[in-house]
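# Summary of structural features
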Amino acid sequence: MGRYIVKRLLQLVAVLFGITFLTFLLTYLSPGDPARLMLMSTGITPSDELVRQVRVELGLDKPFLVRYGTWLAQVVTGDFGTSYKYDRPVMEVLLARLPATLRLTGSAMLLVILISFPLGIISAVRRNQWLDYMIRLFSFAGLSMPSFWLGMLLMLVFGVQLKLLPVMGSSGWNSLILPAVTLAIPLIAQYSRQIRAAMLEETSQNYVMGARARGVKESIIIWRHILPNSLLPIVTLLGMTTGALLGGAAIVESLFVWPGVGQMAVDAIFTRDYPLIQGYVIWMAIIYVTLNLLVDLWTHLRDPRIRLDVDI
């Protein structure tokens, strides 16, 4: 187990190093002069002399590898540079947006867990009955609707027509409902299908048929055996989904003017705020590899067969 953790941590460092290089290379190759764009975003009409001066101050006149090495050394110490648009440290801008994203992510994931698990279990237990058909129909509809279209539909019905909920901003708890539901519905559809499929696959295992042959109650078979053994792929999926949402749901946050990390990333792309873009990508990479490591460790401990494969 110890060797496995060390091996995964070394892989994590290698992945993060590769991501930092690719991120910096892509922003380096992106069109547009960051110095000129930064001056224009402040309302200044830049002269060539002023642009050259700002380029020198930002270190943009240095070779690529020198700039990358300097930037990487700063990143290792937690310094992601200064945002061109906000004129503040990138880490400070990210942390300021994070609470809003955490509220939205937490609310959406809570809805997903509370709704998708019962739906998936009922659909598997009532396989090929009318209730199963209804849940599968909902799942199909939920997966078919794009997030922006679903969000606009909810805004029209509950915000404009019924005037029950605010359609944008983050003032008050009720402003959280529409963006959280918009995020949650496609995920509920996806998870209910995954839980149903995992439970049906587990139902066909020999130990389940043996338990039924011995006369074990069906409720005990479902709750003590089938459901726990079906959770392995679901937990992996939960980890990846949480990572994606913690990076900010760019479309939903932009649609509802939700001041989270996703909307910040979209603004940074439009304004060519390269330090902020780089900081955001590194932030996403850290979330993904960390959650992936935690899920793998949990799976490694939960399933003895996986532990045997790794040790060999």
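The residue numbers shown here count from 1 along each chain, following its written sequence. Local features are withheld for residues below a pLDDT of 70 in this predicted model, meaning they are given only at 70 or higher, and side-chain atom pairs are given and counted only at 80 or more; totals for whole chains, interfaces and linings count all residues. Heavy atoms throughout the structure, all of them, feed into the side-chain values; hydrogens and water do not.

## Some thoughts on the UniProt feature "transmembrane region" (unreviewed entry) in the chain
UniProt positions are given in the numbering used here, feature names are shortened, and annotations may be inferred rather than shown by experiment. Per the UniProt record, "transmembrane region" (unreviewed entry) is found at residues 12–30, 104–125, 137–160, 172–189, 231–257 and 277–298. In this text, helices come from DSSP runs of H or I with a minimum length of four residues, and strands from runs of E with a minimum of two, each type numbered from the N-terminal end. Secondary structure across residues 137–160 comprises 92% helix and 0% strand; the distance between its end C-alpha atoms is 28 Å. This span, residues 277–298, is 100% helix and 0% strand, and a straight line between its end C-alpha atoms measures 32 Å.

## Quick look at the side chain of Arg 97
With respect to the secondary-structure elements, Arg 97 resides in helix H5 (residues 90–125). Buried charge without a salt bridge: Arg 97, with Asp 267 as the nearest opposite-charge side chain at an N-O distance of 4.4 Å. Under the rule applied, a polar contact is a pair of N or O atoms within 3.5 Å (in protein, one hydrogen donor and one hydrogen acceptor; residues adjacent in sequence only if both atoms are side-chain atoms). Polar side-chain contacts of Arg 97 include one of 3.4 Å to the side chain of Gln 263. Exposure is judged per residue with a 1.4 Å probe applied to protein chains only, and the accessible area is read against the type maximum: over 50% gives exposed, under 20% gives buried, and values in between give partly exposed. Here the positive residues are Lys and Arg and the negative ones are Asp and Glu; neither His nor the chain ends is included. Only one rule defines a salt bridge in this text: a Lys or Arg side-chain nitrogen within 4 Å of an Asp or Glu carboxyl oxygen.

## A few points about the layout of surface pockets
Any residue with an atom within 4 Å of a point lines the site, the site being either a cavity, points on a 1 Å grid over the protein atoms alone where a 1.4 Å probe fits but cannot get out, or a pocket, an open set with protein on both sides within 12 Å along at least 5 of 7 lines. Grid points are joined across faces, edges and corners, and a volume is the space filled by probe spheres set on the points. Considering only enclosed or pocket space, the largest pocket measures out at about 740 Å³ in volume. Surrounding the largest pocket, 32 residues form its lining, Leu 58, Gly 59, Leu 60, Tyr 84 and Pro 275 being those nearest its centre. When residues of the lining of the largest pocket are traced back to their parent elements, those giving at least two are helix H1 (2–29), helix H2 (34–41), helix H3 (48–58), helix H4 (64–76) and helix H13 (274–302). Classes in brief: Ala, Val, Leu, Ile, Met, Phe, Trp, Tyr, Cys and Pro nonpolar; Asp, Glu, Lys and Arg charged; the others, Gly included, polar. Partitioned by chemical class, the residues of the lining of the largest pocket number 13 nonpolar, 11 polar and eight charged.

## As for unusual backbone geometry
With glycine set apart, most residues show a phi of negative sign, and most peptide bonds adopt trans. A positive phi angle, near 55 degrees, is found at Lys 163, a position not held by glycine. For Lys 163, a relative accessible area of 65% corresponds to the exposed category. Of note, the phi angle at Val 257 is positive, near 50 degrees, even though the residue is not glycine.

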